Protein chains: 2
Amino acid sequence: MATLGDIAVSAAFNIVGAFAFLLAFALLRLQPINDRVYFPKWYISGKRSSPRHAGGSFVGKFVNLNVKTYFTFLNWMPQALKMSEAEIIDHAGLDSAVFLRIYLLGLKIFVPMAAVALVVLIPVNVSDGTLYSLNKDLVISNIDKLSISNVRSKSIKFFFHISMQYLFTFWTCCLLYKEYSRVASMRLRFLASQGRRAEQFTVLVRNIPHVSGRSTSDSVESFFSKNHPEHYLCHQAVYNANKFARLVRKRNRLQNWLDYNQLKFERNPEKRRRRKNGFLGLWGEKIDSIDFYKHQIKELDKKLTMERQKVLKDPKAIMPAAFVSFNSRWGAAVCAQTQQSKNPTLWLTKWAPEPRDIYWKNLAIPYVSLTIRRFIISVAVFALIFFYMIPIAFVQSLANLEGLEKVAPFLRPVTELKFIKSFLQGFLPGLALKIFLFALPTILMIMSKVEGYVAKSTLERKAAAKYYYFMLVNVFLGSIIAGTAFQQLRAFLHQSATQIPRTIGVSIPMKATFFITYIMVDGWAGIASEILRLKPLVIFHLKNMFIVKTERDRVKAMDPGSVDFPETLPSLQLYFLLGLVYAVVTPILLPFILVFFAFAYFVYRHQVINVYNQQYESAGAFWPHVHSRIIWSLLISQLLLMGLLSTKKAANSTPLIIVLPILTLAFHNYCKNRFEPAFRKYPLEEAMDKDLEDRPSESDVNLKSFLADAYLHPIFRSFEEVELVEVGVDKSQAHIPSPSGSSSSSSHHDIHHHEDKPSHSVHHHEYEPPSNVYHYKAEVSSNVYEYDTESYHNVYHY
Amino acid sequence: MATLGDIAVSAAFNIVGAFAFLLAFALLRLQPINDRVYFPKWYISGKRSSPRHAGGSFVGKFVNLNVKTYFTFLNWMPQALKMSEAEIIDHAGLDSAVFLRIYLLGLKIFVPMAAVALVVLIPVNVSDGTLYSLNKDLVISNIDKLSISNVRSKSIKFFFHISMQYLFTFWTCCLLYKEYSRVASMRLRFLASQGRRAEQFTVLVRNIPHVSGRSTSDSVESFFSKNHPEHYLCHQAVYNANKFARLVRKRNRLQNWLDYNQLKFERNPEKRRRRKNGFLGLWGEKIDSIDFYKHQIKELDKKLTMERQKVLKDPKAIMPAAFVSFNSRWGAAVCAQTQQSKNPTLWLTKWAPEPRDIYWKNLAIPYVSLTIRRFIISVAVFALIFFYMIPIAFVQSLANLEGLEKVAPFLRPVTELKFIKSFLQGFLPGLALKIFLFALPTILMIMSKVEGYVAKSTLERKAAAKYYYFMLVNVFLGSIIAGTAFQQLRAFLHQSATQIPRTIGVSIPMKATFFITYIMVDGWAGIASEILRLKPLVIFHLKNMFIVKTERDRVKAMDPGSVDFPETLPSLQLYFLLGLVYAVVTPILLPFILVFFAFAYFVYRHQVINVYNQQYESAGAFWPHVHSRIIWSLLISQLLLMGLLSTKKAANSTPLIIVLPILTLAFHNYCKNRFEPAFRKYPLEEAMDKDLEDRPSESDVNLKSFLADAYLHPIFRSFEEVELVEVGVDKSQAHIPSPSGSSSSSSHHDIHHHEDKPSHSVHHHEYEPPSNVYHYKAEVSSNVYEYDTESYHNVYHY
């Protein structure tokens, strides 16, 4: 058991560590050479094209020589607070703004809670002093004296704790309600304020049945012309271009090597680099590197052209899925929300994600295999959650000094040192866990991809959910109860339903110290390392050294990143859980969480404003998950308190607390009904409002050209340089008002769309994406920050 | 414990009882005087207007004198099988046809299952003979020797049982799949074959927000004109006419008394009946009865007129709900399936039930109170399920002879008689339960009504679900485990998850005898009494004697009834559960269930063809519930077998069986996705097909007049005789093609509906219901079989 002293040492460590990170950040961010690492958002949004603090001299271009700026090295904090919420939404999107609100919500919930709990509960807990009278052999930390453990069994004082639980639940629910209603209205306002966007008019149709002798495109055309005669506009077939995409990635890699070698050659013209042409360049004839890569790229381009032709011509490459566009938001909303076919497993419709948000690779998964994939992955996640604990438990048992001394008796002289002992006990258990958790998000994201979700935002939410379950079982339960998660599961199966909360509840107060160190290691230090951006910093400078030739390359070398939802959301939710569980049990934990929320709020605000560039905009679609997890945290805290009190022989209090989970669930249900549809559906009233607003200024013809290639697979847009052979057919046609297009589309049930359709979905890839769909602005032209390559980077190197 | 002898006595009793019922039925049904009791369906469908076997003489009108017909008294059975399924659908509707298929499904499942189980498992069970070697003090019935209890612990023979469980599960799932797919396609075909019906075009909108200074009608008009401009046709406001309905019922009651007195007077002109005019006719001045009732009715008619005016004029009587009709099925399907308003708790839409199916009283419930009502009722149902057992357990403990002798020692000489002992032990426990269950469906139906569902079909389904839970806990679990349901719940909470199936599983084989008697008492005798229709028989003849004056009165006195879904479905499902649970454990139970299914199939087929007149047509909407309950029965049987085997120390078999529930759940999930939408949603493809089919023959104007009063509250249609003052405005108007109506409704976003709307919903109650909406045909004219009164009878005296 860690004592208060251990905690202090750990806290000191972490504070010093965090401070060191902050200092390093403060120094590094002022250097002009790092400007693109710490302020990439401003470059991307086009508001900055050269470093701010760059001096006139040659050295000044790389190092900040202005001494004054160093004295105000913490001034990023007030700066981060300057931007208003509306400006943040405008600058970084609603997702980021809502994400920041979660930290603010944490502060709103826990500041008053901490104040009340510290003032009321700590005196109550301390005054009883049961633990002083206990056997001294039991190692009790000082922190336990501040916790509920210190209260005598059957004490009347437990009513303080119960009433506090009521108060805290009520307070949390109040704030959650206000927050949900606020976020929902922000989302609706945000969606309403958006201009014309492709996803508002488009529905993703999957499981299109195959009719022999008829192409998928024809089927779609005739089905929607018949069943949505007044609203159907056009559609975009979905291609299985995964092989092509692999070739594109290979080409990008080769291009990087070519650039690298050419740059070397330019700097050192006398020495041409050579490489062996065999396997991995390890053996074979020595040839000139630049020629080698040039040749390779040429070969690959031929392959690419062929593969591309194959994808476009081969009917097997057309998946039974399509993006179907309508001439009004109303029509799309109707199609997305209704059942189309008599067979409910065919013609499945749902809103299309925005084009940036689509994870193209998964569109090629046959719909029938999705159920099996999801089943397999859920089994895999279960296994991961319940067997991953074994190595962690092993390392943690090492950190237990007695265990370590047994395994390695020669370490005894070292571990006997008081300082090192404190360090090991206070720091290592958390660190070991953190290291194990490092690889996890990647694994979980891969699992989510295997499940076959087609939107990046959904993938991230699903990965976040898996990560949360993992943390709940392994970090929360796994730390509270000894043994691996699988052993716990076994134990729970053999325990009665009333026994489980008692088993967990009784160990809760004892683990407060562990969670305090966890909050410091994972929370404080983690956030501090987030702001330093060590990895992007190193990679940027490496790229700058070896590949970057032009300004365009420099922009490509920037890696602004984005809010890492799959990792940050679950840990955030874990802190909410810890805070709510310990608020009544060991209130001394709350200040540590408060520091985390405040610090993280500053850091993420800074990052959102200056660094991150979101890849997609889901308009806060993750909020319902956050909300329901906080509710579940409340429920867990109530159940555990119930269990804890029943071991304290205050079992008569059970009926008092049992009301609380019921009320909480009722509240959750209410919120779900009241607000969740705003995140899942698009009301017809809203769609009609927007349609009426747009109607005077828009015609169907404009809309058709606007939608024509919005959902074209991005690879068909790439390589304008390489291949400019084929000529756009549709888009130019669409601009000429055809007789059928110019007349009002209502009450025309005929099949006038057929005229130019079969080839339509194929031939308009030479055009730039319409600029209102993507956020490339002003100076960073769309040439520089290419959509295609970027998209593939994100998809494959997630 | 009942022995085989007890069972034989009980079986003999029940068989004799059932046979007596059948004989009585065979004799009674041949009498012309009872023709309207046993063949009302033919009168209602207009195919018969006078008794079939009526002889020429005066006596022959009442008693069947043709001796020959008595010899073929069982020929109703082959007659019942003559009608094909298509004819039954045509004759009695799809609900009845699907209901009959459930019994057929029971036979299909259990006939092969019984054959295999009896041939394979009984020899396996008998051969071991563990129970012979046990202590003789334990009273073991002979039936136990045929059950799994007889197999030695750790025996390898349990693999027979496990493989049988696999086989039975597989067989059941196969049949369920085929059945679900068949019922779903029958439903779709039935819906597609229906002519134009009001509910296809109509959506029920609830929670219409109140805008001050604007009537609900105006709000609906402007909201739907705006958001469904091309499809909105008209709407019908919903009135809170519950008080008016109460007065109507009172008037009907008085009218009956008046008729009765007048008839008395006609038969006995010299003696006028008198009654006292005070409270309940117990004191006060003596006055002439006929005058008294005539006066009362006159008074009431005045009140009725006033109340009616009040309902029509008072804006408070208009509920925030409306039936909104569209000009196409497509438009209605879209509106029913989408979210209308930005606030998801307003403007809630769902398909309108067919007019006959609406439970008008509940439309007057404010939507906000529904959540609270449902919560309260679910608590009440929980309490009912878990505390209702106390009196039953008391009576059952009396039926336990030792207990009875203790309470009433003077009965000992009687109970010592072997015959009476067998009777008490074999017959009474089931009967006691049955008597207690008698009042239950009414209570559960009232609870469902309080919950506020607006369709009678939904009410019946919800009542059926409650009844099923009740039977599952109290009949199934309550009979297996001693103690009240509440004690069980308590015990389960304190047991581990793995212990519960063991506790139940171990008692399962011991209770086989109880369930065999239960099947005979509840199943066999219950079905036999169903065909006799004792209650309708008595009531019909009483009415005939006292009230019936004219042919019209005689038709009114007929009570054809309908399939009693809230009671028959749950008991059916209980038999499925018993069959599936005991198939492996005590296969000797299966033949008893088979007899039940076969017998019930004959009886209900006869009743559906000759007696029942369904009040509504839900097109088999109850099927998904039946399907999922059978799946749950499978799951329960698997879990209990697992528990039973683990007590038999065949715990190693657990992994073998644990796969089964997972597969079963996967199958259930698949069926749900594949077939359930056919019962919940209306695909746009289907709607469009029907629309296109109808379009040439129909115009909007016709449709508008057709829909005009389809959803008018039935009381506004009544009392044509009493009140013919007001003049119909809308319907006659609608027949004249108005300028706005005759043009195509598409692309007219203007508010031309406003012209005649505010009064529209009010003034067309003088018209008869359109004959295609209701099933009154040919000879039974709609005058005779009044919609209004009938509907109120059904609603209030359920």
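Starting from 1, residues in each chain are numbered consecutively following that chain's sequence as written. The naming scheme follows written order: chains are lettered A onward, ligands numbered 1 onward. In view of the model being predicted, local features appear only for residues whose pLDDT reaches at least 70, and side-chain atom pairs are presented and counted only at 80 or more, with totals across whole chains, interfaces and linings using the full set of residues. Side-chain numbers come from the whole structure's heavy atoms, not from hydrogens or water.

Chain A goes by CSC1/OSCA1-like 7TM region domain-containing protein in an unreviewed UniProt entry, where it is assigned to Coffea canephora. UniProt positions are given in the numbering used here, feature names are shortened, and annotations may be inferred rather than shown by experiment. For chain A, the Sequence similarities (unreviewed entry) comment in UniProt is given as "Belongs to the CSC1 (TC 1.A.17) family." The heading Subcellular location (unreviewed entry) in the UniProt record of chain A holds the text "Membrane".

Participant: Looking at this structure, I do not really get the overall build of chain A. What am I missing?
Facilitator: Note on conventions: DSSP H or I runs of at least 4 residues are helices, E runs of at least 2 residues are strands, and numbering of each starts at the N terminus. Looking only at helices and strands, one finds 38 helices and six strands in chain A. Sorting the 798 residues of chain A into buried and exposed places 56% on the buried side. For this analysis, residues touch if any pair of their heavy atoms sits within 4.5 Å. Within chain A, residue pairs in contact and separated by at least 24 positions form 82% of the contacts whose partners lie at least 6 positions apart. Exposure is judged per residue with a 1.4 Å probe applied to protein chains only, and the accessible area is read against the type maximum: over 50% gives exposed, under 20% gives buried, and values in between give partly exposed.

Participant: Would you explain the sheet that holds strand 5 (residues 318-326) of chain B in this entry?
Facilitator: Within a beta sheet, neighbouring strands are joined by backbone hydrogen bonds and run either parallel or antiparallel to one another. Residues and elements named next belong to chain B. Here we have four strands laid out as an open sheet, ordered 2-5-1-6, and antiparallel in their pairing. What marks the edges here is a single partner per strand, and that holds for strand 2 (232-239) and strand 6 (348-351). The sheet shows a mean angle of 30° between the axes of neighbouring strands, taken without regard to direction. Summarising the sheet, strand 1 (residues 202-206) and strand 6 pair through four bridges and their orientation is antiparallel. Each bridged residue has a counterpart across the sheet, and for Val205 the counterpart in strand 6 is Thr349. Note on pairing: DSSP must find at least two bridges between two strands before they are called paired. Lines are fitted to the C-alpha atoms to define the axes, a helix being fitted only along its stretch in contact, and any angle between axes, read from their N-to-C directions, falls within 0 to 180 degrees.

Participant: How should the relation of the copies chain A and chain B be read in this particular structure?
Facilitator: Mapping between the two chain copies consists of a rotation about an axis together with a translation along that axis. Copy-to-copy superposition: least squares on the C-alpha atoms, limited to residues that have pLDDT of at least 70 in both copies. Superposition of chain A onto chain B requires a rotation of 180° combined with a translation of 0.0 Å along the rotation axis, giving an RMSD of 0.1 Å. Interpreted geometrically, this transformation is the action of a two-fold axis. Relative to the rotation axis, the closest C-alpha in chain A is found at Ser496 of chain A, a distance of 1.7 Å. With an isologous cut-off of 70% or more, the 100% of interface residues of chain A that recur at the interface of chain B puts this contact in the isologous class.

Participant: How should the packing of aromatic side chains be read in this particular structure?
Facilitator: Aromatic rings considered in pairs are described by the distance between their centres and by the relative angle of their planes. Residue and element names in this part refer to chain A. Side-chain rings of Phe, Tyr and Trp (the six-membered ring for Trp) are treated as a pair once their centres are within 6.5 Å; stacked means planes under 30 degrees apart, edge-to-face means over 60, and tilted covers the remaining angles. Using the criterion set out here, one finds 63 aromatic pairs over all chains in the structure. Members of the aromatic cluster, joined through ring pairs, are Phe99, Tyr103, Phe110, Phe565, Tyr575, Phe576, Phe596, Phe597, Tyr604 and Phe622. Criterion for a charge above a ring: Arg CZ or Lys NZ at most 6 Å from the ring centre, at most 35 degrees from the ring normal. The side chain of Arg374 reaches across the aromatic face of Tyr453, ending 4.3 Å from its centre.

Participant: What exactly am I supposed to notice about the interface of chain A and chain B here?
Facilitator: When the parts of a complex come together, some accessible area is lost, and that lost area is often taken as the interface size. Between chain A and chain B, the contact holds 44 residues from the first and 44 residues from the second. Buried area: the sum, over both parts, of the accessible surface (1.4 Å probe) that disappears when the two are put together. For the pair chain A and chain B, the summed buried surface comes to about 3,800 Å²; carbon and sulfur atoms form 58% of the total. Looking at the side of chain A facing chain B, the largest losses of area belong to Gln339, Lys342 and Glu685 of chain A, adding up to 17% of the total buried there. A carboxyl oxygen of Asp or Glu within 4 Å of a side-chain nitrogen of Lys or Arg is what we treat as a salt bridge. Where chain A touches chain B, the interface holds six salt bridges. Salt-bridge contacts for Lys342 of chain B lead to Asp689 of chain A; the nearest nitrogen and oxygen are separated by 3.1 Å. Under the rule applied, a polar contact is a pair of N or O atoms within 3.5 Å (in protein, one hydrogen donor and one hydrogen acceptor; residues adjacent in sequence only if both atoms are side-chain atoms). Counting the contacts that link chain A with chain B gives 16 residue pairs in polar contact (both at pLDDT 80 or more). Of all elements in the fold, only helix 11 (216-227), helix 14 (329-337), helix 31 (654-675) and helix 33 (684-694) of chain A reach the threshold of two or more residues within the side of chain A that touches chain B. Looking at the side of chain A that touches chain B element by element, the count peaks at six residues for helix 33 of chain A. When residue character is reported, Ala, Val, Leu, Ile, Met, Phe, Trp, Tyr, Cys and Pro are called nonpolar, Asp, Glu, Lys and Arg charged, and the others, Gly included, polar. Taken together, the residues of the side of chain A that touches chain B break down into 17 nonpolar, 18 polar and nine charged.

Participant: Sorry, what's going on with the environment of Cys671 of chain A here?
Facilitator: Structurally, Cys671 of chain A is set in helix 31. A residue is classified by how much of its surface remains accessible, and Cys671 of chain A, at 0% relative accessible area, is buried.

Participant: I keep staring at the state of the cysteines and nothing clicks. Help me out?
Facilitator: Structurally, a disulfide amounts to a covalent bond that connects the sulfur atoms of two cysteines. Residue and element names in this part refer to chain A. When the sulfur atoms of two cysteines come within 2.5 Å, that pair is taken as a disulfide. All chains considered together, the criterion is met by zero disulfides over all chains. Left unpaired, Cys234 is separated from the closest cysteine sulfur, that of Cys335, by 13 Å. By relative accessible area, which is 2% here, Cys234 ends up buried.

Participant: Quick question: what am I supposed to make of unusual backbone geometry here?
Facilitator: With the exception of glycine, the majority of residues adopt a negative phi angle, and the majority of peptide bonds are in the trans configuration. Positive phi, close to 55°, is recorded for Asn207 of chain A, a residue that is not glycine. On the basis of relative accessibility, which here comes to 15%, the residue Asn207 of chain A falls in the buried class.

Participant: Got a minute to help me understand the pairing of strand 5 of chain B in this structure?
Facilitator: Residues and elements named next belong to chain B. Counting buried residues in strand 5 gives seven out of nine residues, a clear majority hidden from the surface. Here strand 1 runs beside strand 5; their pairing, made up of four bridges, is antiparallel. Counterpart to Val203 in the pairing with strand 5 is Val324. Looking at chain direction, strand 2 and strand 5 are connected through six bridges and run antiparallel. When the sheet's bridge partners are listed, Gln236 is paired in strand 5 with Phe323.

Participant: Which parts of the structure should I look at to understand the sheet that holds strand 2 (residues 232-239) of chain A?
Facilitator: Residue and element names in this part refer to chain A. Judged by pairing direction, the sheet is antiparallel, and its four strands sit side by side in the order 2-5-1-6 without closing on themselves. Edge positions in the sheet fall to strand 2 and strand 6 (348-351), since each has one partner strand and no second. Across the sheet, the mean angle from the axis of one strand to that of its neighbour is 30°, orientation sign disregarded. Contacts between helix 14 and the sheet are confined to strand 1 (202-206), strand 5 (318-326) and strand 6, with strand 6 contributing the most and set at about 130° to the helix.

Participant: What is the right way to look at the domain arrangement of chain A in this model?
Facilitator: All names here are of chain A. Throughout, the edges of the domains are those of an automatic or database domain assignment. Under the domain assignment used here, chain A contains domain 1 (4-194 + 512-684) and domain 2 (199-353). Between domain 1 and domain 2 the total buried area reaches about 1,100 Å² when both faces are included, carbon and sulfur atoms providing 56% of it. One can count one residue pair in polar contact (both at pLDDT 80 or more) joining domain 1 with domain 2. Sorting elements by how many residues they give to the side of domain 1 that touches domain 2 places helix 26 (residues 534-546) first, with three residues. Residues that form the side of domain 1 that touches domain 2 fall into these classes: seven nonpolar, two polar and two charged.

Participant: Can you help me understand the pattern of salt bridges in this one?
Facilitator: Side chains that carry opposite charge are capable of pairing whenever their charged atoms lie near each other. Applying the stated criterion across every chain, the model contains 32 salt bridges over all chains. Across the salt bridge formed by Asp301 of chain A and Arg251 of chain A, the nearest N and O atoms sit 2.5 Å from each other. Here Asp301 of chain A, found in helix 13 (residues 289-313), pairs with Arg251 of chain A, found in helix 12 (residues 242-267); they are 50 residues apart in sequence, far enough to count as distant. Taking relative accessible area as the criterion, Asp301 of chain A reaches 14% and is therefore assigned buried. Measuring nitrogen to oxygen at the nearest pair gives 2.8 Å for the salt bridge that ties Glu354 of chain B to Arg197 of chain B.

Participant: Would you mind going over helix 30 (residues 654-675) of chain B with me for this structure?
Facilitator: Note: α-helices contain 3.6 residues per turn, so residues at a spacing of three or four share the same orientation. Residue and element names in this part refer to chain B. Here a helix's expected span is defined as the number of its residues, less one, multiplied by 1.5 Å. Look at helix 30: 32 Å from first C-alpha to last across 22 residues, which is about the 32 Å you get at 1.5 Å a residue. Within helix 30, burial applies to Ile657, Leu660, Pro661, Thr664, Phe667, His668, Cys671 and Phe675. Buried residues of helix 30, seen end-on, are gathered within an arc of 125° and therefore sit on one face of the element. The inward-facing, buried residues of helix 30 contact helix 9 (158-193), helix 29 (623-647) and helix 31 (677-680). What the arc covers is the set of directions going from the helix axis to the C-beta atoms.

Participant: For this particular structure, what's the right way to read the packing of helix 12 of chain A against helix 13 of chain A?
Facilitator: Helix packing geometry: the angle between the two helix axes and the distance between the axes. Residues and elements named next belong to chain A. Between helix 12 and helix 13, the shortest axis-to-axis distance is 9 Å and the interhelical angle comes to 160°. Classed by the angle they form, the pair helix 12 and helix 13 counts as roughly antiparallel. Relative to helix 13, helix 12 is oriented so that their crossing is left-handed. Grouping the amino acids of the contact of helix 12 with helix 13 by side-chain chemistry returns twelve nonpolar, five polar and nine charged. Angle categories: roughly parallel below 35 degrees, roughly antiparallel above 145, roughly perpendicular from 65 to 115, and oblique for all the rest. With the far helix as reference, a near helix turned anticlockwise by less than a right angle produces a left-handed crossing, and one turned clockwise produces a right-handed crossing.

Participant: Just to check I follow, could you spell out the side chain of Arg329 of chain B for this structure?
Facilitator: Position of Arg329 of chain B relative to the elements: it lies in helix 13 (residues 329-337). Once you skip the residues sitting within four places of it in the chain, Arg329 of chain B turns out to touch Arg196, Gln200, Phe201, Trp351, Tyr682, Ala687, Lys690, Asp691 and Asp694 of chain B.

Participant: Any chance you could explain the packing of helix 28 (residues 565-585) of chain A against helix 29 (residues 590-610) of chain A here in plain terms?
Facilitator: All names here are of chain A. Packing of helix 28 against helix 29 leaves a shortest axis separation of 10 Å and a crossing angle of 155°. Overall, the two elements helix 28 and helix 29 adopt an arrangement that is roughly antiparallel. Between helix 28 and helix 29 lies a crossing whose hand is left-handed. Every residue of helix 29 that contacts helix 28 at Thr568, Leu572, Tyr575, Phe576, Leu578, Gly579 and Ala583 is listed here: Leu590, Ile593, Phe596, Phe597 and Tyr604. A class-by-class count of the residues in the contact of helix 28 with helix 29 yields ten nonpolar, two polar and no charged.

Participant: Help me out: how do you make sense of helix 27 (residues 565-585) of chain B in this one?
Facilitator: In a regular helix each residue adds 1.5 Å, so 21 residues correspond to 30 Å; helix 27 of chain B covers 30 Å between its end C-alpha atoms and thus fits that length. With 20 of 21 residues buried, helix 27 of chain B is to be regarded as a mostly interior element.

Participant: Could you clarify how one ought to interpret the environment of Lys535 of chain B in this entry?
Facilitator: All names here are of chain B. Following the sequence through the fold, Lys535 ends up in helix 25 (residues 534-546). Judged by relative accessible area, which is 64%, Lys535 ranks as exposed. Residues Lys535 and Asp559, 24 residues apart in the sequence, show an inter-C-alpha distance of 9.8 Å.

Participant: How should I be thinking about the side chain of His627 of chain B in this particular structure?
Facilitator: Within the fold, His627 of chain B resides in helix 29. Aside from chain neighbours lying at most four places away, what touches His627 of chain B is Leu176, Tyr180, Phe667, His668 and Cys671 of chain B.

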